[in-house]
Amino acid sequence: MKDVLRILLAPLLWLASFSATYGLHGIGCALGWPEIALWGASVFRVALLTAWLVAILIQVAILIVLHSDRFRAASAFTQWASLATAWVGLVAVLWTVYPVAVITACGGNG
Amino acid sequence: MTALRRHRKLSAIWSSEPGFRGWFSSVNHSDLGRMFLVTAFFFFLVGGVLAMLIRAQLATPHSAFADAGAFAQFFTMHGTIMMFLFAIPTFEGLAIYLLPKMLGTRDLAFPRLTAYGYWCYAFGGSMLLVALVFGIAPDGGWFMYPPLTGPLHSPGINTDFWLIGITFVEISAICAAVELCVSILKYRAPGMSLDKMPIFAWYALVTALMILTGFPPLILGSVLLELERAFGLPFFQADLGGDSLLWQHLFWLFGHPEVYIIFLPAAGVISTIIPVMARTTLLGYGWIVASAVALAFLSFGLWVHHMFTTGIPLMGLAFFSAASTLVAVPTGVQVFAWIGTLWKGRPEMHLPMLHIFGFFFTFVIGGLTGVMVAVVPFDWQAHDTAFITAHLHYVLFGGFVFPILAGIYYWLPLVSGRKRFFRLGEVAFALIFLGFHGTFLAMHWVGLMGQRRRIETYDAETGWGAINLISSISSFIMAIGLAMVLIDVLIHAFVAVRGGRNPWKAGTLEWASMSPPPAYNFASLPHVTSRDAFHGDPGLANRLAKGEGYLGDPQSARRETLTVDIATGDPDFMVIYPGNTRLPILMAAVTGLFFLSILIKLYWLTPLALAGVAALALVWVWRLGARTDAGPQDAGRGVTLALAGETEKSPGWWGSVFLLVANATFFGSLLFGYAFLWTVAPGWPPQDWLAPSLVELGIGGAAALTSALAMRLAIRGNRHRARPLPGLAFALTATLVTAVTFAMLLSRVPPPDGHAYAATLFVLGSYALCHALIAGLMLAFAIARARRGYTSPARQAEFHIVSLWTDYLAVIATLSLLAAHLPGFLA
Amino acid sequence: MLAGAAAILALVLGLLLAAFRRRGTASDEAAGVKVWIIGLGFVFSMSVLAALTVYGLFAGQRLMPGAGAGVEAGVGTRVGADVVSVSAEARQWSWRFAYDDRPDHITDDVLHIPAGRPVDVAITTTDVVHSFWVPRLAGKLDAIPGHVNTLRIEADTPGTYQGLTAEYNGPGYRAHVFTVEAHDAQSWDAFVAGDRQ
Ligand code: HEM
Ligand SMILES: [Cu+2]
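Residues numbered from 1 in each chain as written. Chains lettered and ligands numbered in written order. Predicted model: local features only at pLDDT ≥ 70, side-chain atom pairs only at ≥ 80, totals over all residues. Heavy atoms only, no water.

A. Fine view of the overall build of chain A. A count of helices and strands for chain A gives four helices and two strands. In chain A, the order of α-helices and β-strands from amino to carboxyl end is α-β-β-α-α-α. Projected onto the principal axes, the alpha-carbon positions of chain A cover approximately 50 × 25 × 20 Å. Within chain A, the proportion of its 110 residues that are buried is 48%. Long-range contacts, defined as pairs at least 24 residues apart, comprise 71% of the intrachain contacts of chain A with a sequence gap of at least 6. Of the roughly 4,900 Å² that chain A leaves accessible, carbon and sulfur atoms contribute 76%. (Helix = DSSP H or I, 4+ residues; strand = E, 2+ residues; numbered from the N terminus. Buried < 20%, exposed > 50% of the residue type's maximum accessible area, 1.4 Å probe, protein only. Contact = heavy atoms within 4.5 Å. Areas by Shrake-Rupley, 256 points an atom, 1.4 Å probe, with all protein chains shown as cover.)

Here is the structure:
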């Protein structure tokens with residue numbers, strides 16, 4: 001089971017951070033965060049960018065941990081597969097959460 | 001013992017009852033897999049006839065053949081049948097039939113559960129058929145958006161058939177998924193480590209995990225909508241604090257993964273067939289496994305792309321738009337890996353390969369149009385037009401039907417032991433291929449011209465007539481092709497000449513069984529040393545038949561197999577299966593009674609049926625186990641193994657783990673719904689919150705926690721002193737206290753039909769109460785078992801299973817209490 | 001987009017067919033992984049898709065009405081005094097339109113707008129889910145009970161545009177249509193002043 005979990009861990013965390021960011025974005029819009037200025041941007045932007053950064057750091061941390069000797073998997077295949085899915089997690093966080101950096105806050109046909 | 005005597009002896013132990021009576025009592029995976037497949041293709045036929053009716057109606061402008069009401073039933077039932085009663089069960093049937101053979105073992109983890117799942121499917125599907133025959137079929141579209149499907153706008157019984165019938169069928173999907181997870185992880189031939197598993201097993205594992213996490217949101221949605229319809233709990237009514245968007249989220253949280261639940265098994269079939277047809281091995285096995293896992297996860301981050309037009313802010317849409325394009329990457333990796341496999345070997349054009357070619361052509365187009373609609377502005381135009389219908393058929397027909405047809409032609413010789421001799425299959429393929437593209441290319445086209453989906457007719461001035469006619473004629477050509485496949489298969493199954501073993505020279509183990517395979521699959525279990533176990537070792541089949549593998553010495557009348565360590569594939573325990581029984585069909589019938597009582601509003605019957613299910617469940621588990629320690633067993637080849645019932649992590653334990661995964665997803669979806677309504681729904685806050693009570697919170701949480709801890713005490717008491725009873729009794733008391741707390745909570749909830757808040761609390765409280773009662777029942781059962789001598793320090797498996805459920809109770813009880821009291825504290 | 005899709009389809013099918021025609025030496029696993037999985041699977045598909053994603057989002061951004069006030073003022077969107085606000089309320093099976101510029105007036109199944117000016121349509125419903133769609137003016141936007149969604153539309157030239165409902169909403173779905181009348185400045189002023197129905 002540990003071996004299966006090891007393979008699933010990084011994408012699972014991607015899913016969690018992806019949903020959390022989406023939720024945070026919903027709450028931020030509901031509470032009017034885009035209107036509150038902070039550090040040259042808005043609270044909304046800062047909060048979401050922070051969430052993105054945290055998500056990226058988590059994925060990087062997983063990659064580093066999986067590479068370290070202490071947490072190496074027993075079989076070469078599991079080790080390889082978990083590294084592969086860890087990269088999936090990292091790329092997915094970069095790719096799917098990047099709108100927080102470029103898209104207008106809370107606008108849209110809504 | 002000669003091979004023939006061994007065959008006779010094993011057959012006597014494993015065979016189902018002869019004749020049609022065997023259908024009702026069989027628990028054999030080959031029987032049930034075939035029954036699943038035949039039933040699923042029967043539904044394919046029904047869904048196909050409905051499709052023909054739709055196309056007949058749309059062939060010409062102002063056709064008067066079906067009115068709007070009938071047409072709505074046609075498209076709703078067509079979509080519903082294809083998705084729930086054809087595609088998913090076909091996967092289940094295929095996996096149930098093939099996996100034990102591919103994995104080199106004798107059956108799945110829980111044979112009786114296989115049968116129960118089948119009967120739930122058959123009965124649930126029949127409910128929908130009845131609705132169709134009587135013209136009271138669901139008519140709100142296959143995604144059933146409320147409020148259209150709510151009590152106010154669809155007062156008839158039509159919608160209830162959908163909600164109840166589909167939930168019933170989903171029980172079978174969950175059963176199959178639990179079973180496949182445990183079977184793939186534990187029930188393999190010794191030596192088959194994870195990296196030596198046939199690729200189809202990986203795909204099936206990923207698919208099964210997706211079913212466990214993808215279906216619960218829909219089950220929750222169906223339960224909530226049925227509660228709204230039957231008892232007026234306003235989850236989806238905006239004026240009472242509900243929100244119809246909640247349904248859309250829950251539905252598509254299921255609905256998008258569903259598409260991949262359908263595609264992944266087909267990809268598994270493709271990955272199995274292509275290397276064989278190209279006389280080589282699969283290119284990038286590890287990459288493909290990683291892609292399948294990636295695909296599974298990414299597909300859970302796409303659901304909002306079905307809701308691009310609901311007014312979600314652009315940034316929200318952007319997340320899902322980006323995720324929707326990213327999901328194409330692992331898909332692309334697989335497609336190119338398959339083509340690379342063909343380049344690596346020397347491909348031959350047999351009939352299965354033709355269908356795989358059909359897959360490539362169709363699926364790639366479907367993928368490309370899919371990427372187009374992932375682009376938000378494009379979707380704002382294309383959404384709800386025939387373009388979308390065309391796109392989804394390219395994906396579903398291309399990504400599922402073509403591969404499955406390939407699979408049918410590939411495995412038919414195994415199932416029947418015969419050779420194909422007519423060339424019917426090639427002609428059929430040509431008709432299907434041309435007919436399909438004629439039908440749906442045309443629909444892309446009228447879609448872009450503005451024809452909406454789900455309209456029952458159109459004006460001649462639109463100029464869509466000719467295109468629709470082309471589409472309809474093509475669809476009849478396709479139907480003729482599909483009918484020819486059916487005839488071909490029937491000829492094959494009953495009259496064709498006998499063929500030899502392994503006609504394709506494949507390397508996977510199913511071909512090392514006989515064709516057709518005997519009930520026990522293998523006279524002895526192989527020791528696997530490579531991924532294509534059968535390739536480098538053509539003598540394997542004979543050696544297995546001679547009993548040179550594991551468990552080759554059927555001493556007693558027991559159905560035996562063994563389990564392995566998940567990662568390494570070293571044998572760890574021996575398993576004794578239950579024999580033929582009618583318990584599964586009986587239990588499915590009583591389960592059906594439960595659903596029926598809700599459907600026709602015979603509410604006095606509902607608790608009786610539930611009690612019946614519980615009673616049968618107790619009989620079900622009571623029949624297992626023994627009253628003496630069996631000790632180590634000889635498994636052949638110098639290996640001795642303990643019985644699974646004498647371990648901590650028995651198959652039942654693993655099954656519970658996966659069932660709880662699904663259960664936790666259900667609970668998580670409920671919490672999501674609660675948070676969603678609270679933050680998004682109009683009409684909040686409610687008039688008053690539940691009065692928070694630290695006492696209730698404290699007692700309930702402490703009691704649930706205590707029951708989990710006491711269960712651990714029971715396990716220790718059993719292990720060291722053979723005295724589990726004090727711990728069990730303690731745990732039972734704590735569980736009952738938990739139940740009482742939740743009963744009190746429920747009595748304090750404001751009227752649940754007044755506001756969605758109260759309705760949600762009501763469901764939350766009932767869920768926890770229900771789990772406290774289940775845990776209580778299990779503890780009472782464990783006490784009875786211990787007193788009757790069914791447990792011992794060695795025979796401890798049952799305690800560990802109960803412990804899982806008390807742990808789960810502790811978690812959900814605490815979370816439910818917190819969620820119920822939190823708003824009150826905040827206010 | 002269509003041409004790109006056709007090119008990709010041709011590429012995939014070409015490679016597929018070439019596999020059957022090829023009669024050279026079989027390549028080995030490592031080389032295959034490099035070409036097929038890394039090269040085509042990752043590099044090729046990711047670059048195409050990344051381009052498409054970014055393009056799609058910016059195209060969507062341009063179509064947005066001017067939301068995101070304050071610090072987050074929208075980029076590239078038009079917010080200004082010339083925006084006209086109307087509301088659309090759907091029911092089974094008709095549409096009712098009201099006008100901010102002419103508060104006492106309601107029209108059924110005909111929406112009047114000025115041509116050449118952006119119009120924000122506030123969409124909602126009194127019963128089930130519907131969807132507001134004028135194919136030639138903008139994409140769809142749903143009417144959801146309890147919510148108001150705002151869609152920006154703009155007609156370049158005066159005239160009549162066909163509007164449709166685009167979410168299945170029961171047996172009257174097919175005939176649930178409406179028209180949009182786009183007026184030139186003069187006749188719009190007349191409409192607002194109440195000289196025209
Ligand atoms: C046998 C060949 C098939 C034909 C000719 C066909 C035809 C059609 C047509 C014409 C519609 C559109 C109804 C409308 O919106 O006006 C439709 C809808 C649909 N089809 Fe099929 N179909 C076929 C097979 C399948 C398969 C294999 C699946 C899934 C595995 C499927 C799933 C669906 C779904 C989900 C819908 C949407 C239903 C709805 O709008 O509620 N179809 N089909
Ligand atoms: Cu989707």
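After that view, the rundown keeps rolling.
B. Representation of the overall build of chain B. From N to C terminus, chain B includes 24 helices and four strands. For 827 residues, the compact-globule estimate of 2.2 N^0.38 gives 28 Å, and chain B sits close to it at 27 Å. Projected onto the principal axes, the alpha-carbon positions of chain B cover approximately 85 × 80 × 45 Å. Counting over 827 residues, chain B shows a buried share of 68%. In chain B, 82% of the contacts between residues at least 6 apart in sequence involve partners at least 24 apart. Split by element, the accessible area of chain B, about 26,400 Å² in all, is 70% carbon and sulfur. Distance between charge centres in chain B, computed from 48 positive and 41 negative side chains, equals 13 Å. (Rg over C-alpha atoms; globule rule 2.2 N^0.38 Å. Lys, Arg positive; Asp, Glu negative; His and termini not counted. Charge placed at Lys NZ, Arg CZ, Asp CG, Glu CD.)

C. Spatial organisation of the site of ligand 1. Residues and elements named next belong to chain B. The immediate surroundings of ligand 1 are formed by 22 residues, with His78, Trp142, His393, Arg453 and Arg454 found nearest. Within the side chain of Arg453, a nitrogen or oxygen atom sits 3.0 Å from an oxygen atom of ligand 1. The contact in question runs from an oxygen atom of ligand 1 to an N or O atom on the side chain of Arg454, over 2.8 Å. Counting residues per element, the ones that place at least two in the shell around ligand 1 are helix 3 (29-58), helix 4 (68-102) and helix 14 (386-416). Across the shell around ligand 1, the residue classes tally to 14 nonpolar, five polar and three charged. (Near = heavy atom within 4 Å. Polar contact = N/O pair within 3.5 Å; in protein donor to acceptor, adjacent residues only side chain to side chain. Nonpolar A, V, L, I, M, F, W, Y, C, P; charged D, E, K, R; others polar.)

D. Local environment of the coordination of the copper ion (ligand 2). All names here are of chain B. The copper ion (ligand 2) binds to the protein through His256 (ND1), His305 (NE2) and His306 (NE2), with metal-donor distances spanning 1.6 to 2.0 Å. Between the donor residues of the copper ion (ligand 2), the gaps in sequence give the motif H-x48-H-H. Relative accessible area serves as the criterion here: at 16%, His305 is assigned to the buried category. (Donors = N, O, S within 2.8 Å, 3.2 Å for Na, K, Ca; no water.)

E. Representation of the coordination of the iron atom of ligand 1 in the model. All names here are of chain B. Surrounding the iron atom of ligand 1 are the protein donor atoms His78 (NE2) and His393 (NE2), at 1.9 to 2.0 Å. Given six donor atoms and angles of 87 to 179° at the metal, the environment of the iron atom of ligand 1 is assigned as octahedral. Here His78 is found in helix 4, whereas its partner His393 is found in helix 14, with 315 residues between them in sequence. You can call His78 buried: its relative accessible area is 13%. Overall, the relative accessible area of 17% leaves His393 in the buried class. (Tetrahedral: all angles 85-135°; square planar, octahedral: opposite > 155°, others 65-115°.)

F. Broad picture of the sheet that holds strand 10 (residues 177-183) of chain C. All names here are of chain C. Spatially, 4-10-9-6-7 is the arrangement adopted by the five strands of the open sheet, whose pairing is mixed. Each edge of the open sheet is held by one strand with a lone partner, namely strand 4 (110-114) and strand 7 (141-143). Put simply, the sheet's adjacent strands are angled 30° from each other on average, direction ignored. Two elements, strand 6 (residues 130-133) and strand 9 (residues 159-165), share two bridges in a ladder whose sense is antiparallel. (Pairing = 2+ DSSP bridges. Axes fitted to C-alpha atoms, helices over the stretch in contact; angles between N-to-C directions.)

G. Representation of the interface of chain B and chain C in the model. Tallying the contact residues gives 75 residues for chain B and 68 residues for chain C. Looking only at chain B, the three residues that lose the most surface to chain C are Phe336, Trp343 and Arg452 of chain B, adding up to 14% of its buried area. Linking chain B with chain C are one salt bridge, by the criterion used here. The partner of Arg174 of chain C in a salt bridge is Glu456 of chain B, with the nearest N and O atoms 3.2 Å apart. At the surface where chain B touches chain C, the tally comes to 15 residue pairs in polar contact (both at pLDDT 80 or more). Broken down by element, the residue count for the side of chain B that touches chain C peaks at 12 residues, all from helix 11 (residues 328-344) of chain B. Residues belonging to the side of chain B that touches chain C are distributed by class as follows: 46 nonpolar, 18 polar and 11 charged. (Buried area = accessible area lost by both parts, 1.4 Å probe. Salt bridge = Lys/Arg side-chain N within 4 Å of Asp/Glu carboxyl O.)

H. Here's a closer look at the side chain of Ser26 of chain B. Residues and elements named next belong to chain B. Counting through the fold element by element, Ser26 comes out in the loop between helix 2 (21-25) and helix 3. A polar contact is formed between the side chain of Ser26 and the side chain of Ser16, at a distance of 3.1 Å. Every residue in contact with Ser26, bar those within four places of it in the chain, is listed here: Ser16, Asp31, Leu32, Ala115 and Asn580.

I. Representation of the environment of Met197 of chain B. All names here are of chain B. On the secondary structure map, Met197 appears in the loop between helix 6 (158-186) and helix 7 (199-231). Taking the C-alpha atoms as reference, Met197 lies 8.9 Å from Asp532; in sequence the two are 335 residues apart. With near-sequence residues (within four places) excluded, Met197 lies in contact with Leu103, Ile184, Arg188, Met192, Trp202, Tyr285 and Arg531.

J. Geometry of the domain arrangement of chain B. Residues and elements named next belong to chain B. Segmenting chain B into domains produces domain 1 (3-12 + 29-67 + 74-495) and domain 2 (685-826). Computed over C-alpha atoms only, the centres of domain 1 and domain 2 are separated by 38 Å. Opposite the 10 residues of domain 1 that make contact, domain 2 presents nine residues. Carbon and sulfur atoms supply 76% of the area that domain 1 and domain 2 bury against each other, a total of about 630 Å² over both sides. Broken down residue by residue, the surface that domain 1 buries against domain 2 is led by Leu233, Phe235 and Leu240, which jointly contribute 53%. Inspection of the region where domain 1 meets domain 2 yields zero salt bridges. In terms of residue class, the side of domain 1 that touches domain 2 is made up of seven nonpolar, three polar and no charged. (Domains from an automatic or database assignment.)

K. Examining the nonpolar core more closely. Counting 348 residues, the largest nonpolar core has Trp247 and Trp338 of chain B as the members making the most contacts within it. Ranked by residues supplied to this core, first place goes to helix 8 (residues 244-277) of chain B with 22 residues. Core analysis: the next-biggest nonpolar cluster, separate from the first, contains 28 residues, Val121, Val134, Leu151 and Phe191 of chain C among them. (Core = buried A, V, L, I, M, F, W, Y, C linked by side-chain atoms within 4.5 Å.)

L. A look at helix 9 (residues 285-298) of chain B. The end-to-end C-alpha distance of helix 9 of chain B is 20 Å, a good match for the 20 Å that 14 residues give at a rise of 1.5 Å each. Burial within helix 9 of chain B is extensive, with 13 of its 14 residues counted as buried. (Expected span 1.5 Å × (residues − 1).)

M. Layout of the pattern of salt bridges. Residues and elements named next belong to chain B. Under the defined criterion, the tally for this structure stands at 18 salt bridges over all chains. Here Asp807 ties to Arg712 by a salt bridge, and the two come within 3.0 Å at their closest N and O atoms. Here Asp807, found in helix 24 (residues 797-826), pairs with Arg712, found in helix 21 (residues 694-721); they are 95 residues apart in sequence, far enough to count as distant. Members of the salt-bridge network, linked through shared partners, are Glu17, Arg21 and Arg582.

N. Geometry of the packing of aromatic side chains. Following the criterion strictly, the structure yields 88 aromatic pairs over all chains and no others. Seen from their ring centres, Phe86 of chain B and Phe400 of chain B are 5.7 Å apart, and the 80° between their planes marks the pair as edge-to-face. On the criterion of sequence distance, the pair formed by Phe86 of chain B in helix 4 and Phe400 of chain B in helix 14 is long-range, its members being 314 residues apart. Residues Phe86 of chain B and Phe400 of chain B agree in their burial class; the two are buried. Plain terms: the ring middles of Trp188 of chain C and Phe191 of chain C are 5.4 Å apart, the flat faces sit at 25° to each other, and that makes the pair stacked. Separated by three residues within a single helix, Trp188 of chain C and Phe191 of chain C lie in helix 3 (residues 185-193), roughly one turn from each other. For the pair Trp188 of chain C and Phe191 of chain C, a shared accessibility class is recorded, and that class is buried. Pairwise contacts between aromatic rings join Phe84, Trp142, Phe143, Tyr145, Trp162, Phe215, Phe235, Phe236, Trp247, Phe251, Trp252 and Phe254 of chain B into one cluster. The ring of Phe143 of chain B carries the charged tip of Arg454 of chain B above its face, separated from the ring centre by 4.3 Å. (Phe/Tyr/Trp six-rings, centres within 6.5 Å; stacked < 30°, edge-to-face > 60°. Lys NZ or Arg CZ within 6 Å of the ring centre and 35° of its normal.)

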